[in-house]
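Topology and contacts: notes
The lines below spell out each chain.
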Number of protein chains: 2
Amino acid sequence: MKRRCVEVDERALHKMIGTIIDPERLEDDCAVIPCGDGRLLVASTDMLHETTDFPAGMTDWQIGWMATAVTLSDIASMGARPGQVLLAVGLDRPERLRGIMEGARDCCARFGAELVGGDLDAHGELTIVSTGLGTVEAAQIVRRRGARPGDIIAVTGPLGEAQAALVGYDRHWKELLEPQPRVREGMALARAGVSAMMDISDGLALSLYDLLGVNDCGFSVDTARLPLPAGVPEDEGRELALYGGGDFELLFCAPPGILPVAGVDVHVIGEVIRERVVLADGEPLERRGYLHEWGG
Amino acid sequence: MKRRCVEVDERALHKMIGTIIDPERLEDDCAVIPCGDGRLLVASTDMLHETTDFPAGMTDWQIGWMATAVTLSDIASMGARPGQVLLAVGLDRPERLRGIMEGARDCCARFGAELVGGDLDAHGELTIVSTGLGTVEAAQIVRRRGARPGDIIAVTGPLGEAQAALVGYDRHWKELLEPQPRVREGMALARAGVSAMMDISDGLALSLYDLLGVNDCGFSVDTARLPLPAGVPEDEGRELALYGGGDFELLFCAPPGILPVAGVDVHVIGEVIRERVVLADGEPLERRGYLHEWGG
């Protein structure tokens, strides 16, 4: 799973990067680039390493699939349609390349994208950087910023399944290793008029705090409404849903009137509030999730 | 320096990738994507690792600069105008990030691009993947394919300087560590109507063989006409120019009538011939350059 750097470092690094890159550009899952004909291009790049991102036992095909799914999920979270994917592969053993490329190609094909190129390099540890491009009508793009008090908070499916697999619930192994980015759902939600959206990759709690960081409102969730992983005791399931990494569901806010959205499995889990705080069952939610380790 | 995998592996891997990605897509330095308004989007991604790509003694700023220059050079080689750069950084120590990002930002600014985002990860070995986007009028794009017998073969500047620095000619240290992608030159050459173009990153010899691989003609160069690195004995300079890695000059073919091209330093080094072979001074040119090592 993607783990983040420890809290103090991440905040400091993010703030520092904001002195170099326009900070507004750093708010979303993708960079947004004017495309010239009323559309916007969105671009995302994601780096994955074998030891930190690919659970032991994954096939090369699954590694290629996952590396591609990560960037398609970023594109989905903006409400955009995936177009092209580039794959830079730092390869420890040349014989792994075919499986990785086939997994990437199949994931692209499944979600309407095309694998168009990349770079190849030798590396001691398998490292993959996937870069995805997508397009969206300027009027339909959805960002993390945009939530309004009174909006519902919702997700597109069960949370905590990937983490459940990691802690031993084998029935969720496939959700962990062959994640399904919510591409169709993201586009449908954008067309329906959701107000803010992101994908959940480091757990619901950290994602809610990410939304808090860029909106002038707060987020109150009711843990009894969280869609939990099947086959896991409820208390443990709730813990996994709030703090587990590796999910590919979309988290979004929307005016209640737009629901239901045809063809999208919407689970309402709470409400956007005026007070700038993240609450779970009325209490401040712990800010934790899966963290990178420096020098690891 | 960028080193390539050993010959047999590289050919085999490239052929294998051609069964997964449309082989025509693999011919050029960038992927080419229709943009909707008569323009094309070009996209390039390049992976660099500390141990294989960044000579000892580089500053973090220079590392950020070089990682960005590599992708801007790919864009330049298509005759395109750079637009946006994304940087995925696998960071061994968080304190290196500022220098790297500043170097990337400054390189972008120098060549008219904008650093718009990226990804950050912890990694034992510093690893940077730069992805660049550019645009070009569909009628002006230049590819590796397109050379015709009778065209001149030319380069935009001295060859072998980067390699000269690596073997001890300190006066060329700056050319090695702060390479200048030929962005302005690439656009001017495209407008002037060159027939084929690429950037030279693994040495002139390998680049000529790359052109041979996608054109139905051959390439004959006159080594006496090669622009050599200053301050290096002529024989050694010729060796560095032919086989040294790390240069950022453009190699192109063009109908003789388009020369000179205003504002571009054009060094004619040979002629495109009918026979499908690469010749230096009338003899077959050795096919070697800088190679990646697997498992290194």
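Keep in mind that what you see is a predicted model, and the values were worked out from it rather than measured.

Residue and element names in this part refer to chain B. In terms of burial, strand 9 (residues 250-254) is a largely internal element, 5 of the 5 residues being buried. Judged by which residues are buried, strand 9 turns out to be covered on both faces: L250, F252 and A254 on one side and L251 and C253 on the other are all buried. Bridging between strand 6 (residues 152-155) and strand 9 involves 4 bridges; their strand directions are antiparallel. Along strand 9, the bridge assignment pairs I153 with C253. Direction of pairing for strand 7 (residues 196-199) relative to strand 9: antiparallel, over a ladder of 4 bridges.

Moving on, we get to unusual backbone geometry. All names here are of chain A. Omega for the bond connecting L259 with P260 falls within 30 degrees of zero, at -10°, which places this linkage in the cis form. Mapped onto the secondary structure, P260 falls in the loop between strand 9 (250-254) and strand 10 (267-273). Phi angles above zero are rare outside glycine, and D281 is one such case at about 50°. Relative to the assigned elements, D281 resides in the loop between strand 11 (278-280) and strand 12 (283-284). On the accessibility criterion, D281 (47% relative accessible area) is partly exposed.

Now for a nonpolar patch on the surface. Residues and elements named next belong to chain A. On the surface, L166, V167 and W173 cluster together to form a nonpolar patch covering roughly 250 Å² of accessible area. Within the fold, W173 resides in helix 6 (residues 173-177). Judged by relative accessible area, W173 falls into the partly exposed class, the value being 33%.

Turning our attention to the domain arrangement of chain A. Residue and element names in this part refer to chain A. Examined at the domain level, chain A breaks down into domain 1 (7-139) and domain 2 (142-284). The centre of domain 1, based on its C-alpha atoms, is set 21 Å off from the matching centre of domain 2. If you look at the interface, domain 1 gives 25 residues, while domain 2 gives 23 residues. Regarding the contact of domain 1 and domain 2, the summed buried area is about 2200 Å², with carbon and sulfur atoms giving 56% of it. Inspection of the domain 1/domain 2 interface yields 3 salt bridges. Here D29 ties to R144 by a salt bridge, and the two come within 2.7 Å at their closest N and O atoms. Put simply, domain 1 and domain 2 have 9 residue pairs in polar contact (both at pLDDT 80 or more) between them. Going through the elements one at a time, helix 3 (60-77) and strand 3 (81-91) are the ones with two or more residues in the side of domain 1 that touches domain 2. The dominant element in the side of domain 1 that touches domain 2, judged by the number of residues it contributes, is helix 3, at 11 residues. Of the residues belonging to the side of domain 1 that touches domain 2, the class tally is 15 nonpolar, 4 polar and 6 charged.

Analysis parameters
Residues numbered from 1 in each chain as written. Chains lettered and ligands numbered in written order. Predicted model: local features only at pLDDT ≥ 70, side-chain atom pairs only at ≥ 80, totals over all residues. Heavy atoms only, no water. Buried < 20%, exposed > 50% of the residue type's maximum accessible area, 1.4 Å probe, protein only. Helix = DSSP H or I, 4+ residues; strand = E, 2+ residues; numbered from the N terminus. Pairing = 2+ DSSP bridges. Patch = residues over 30% accessible without salt bridge, like charges linked within 9 Å, V, L, I, M, F, W, Y side chains within 5 Å. Areas by Shrake-Rupley, 256 points an atom, 1.4 Å probe, with all protein chains shown as cover. Salt bridge = Lys/Arg side-chain N within 4 Å of Asp/Glu carboxyl O. Domains from an automatic or database assignment. Contact = heavy atoms within 4.5 Å. Buried area = accessible area lost by both parts, 1.4 Å probe. Polar contact = N/O pair within 3.5 Å; in protein donor to acceptor, adjacent residues only side chain to side chain. Nonpolar A, V, L, I, M, F, W, Y, C, P; charged D, E, K, R; others polar.

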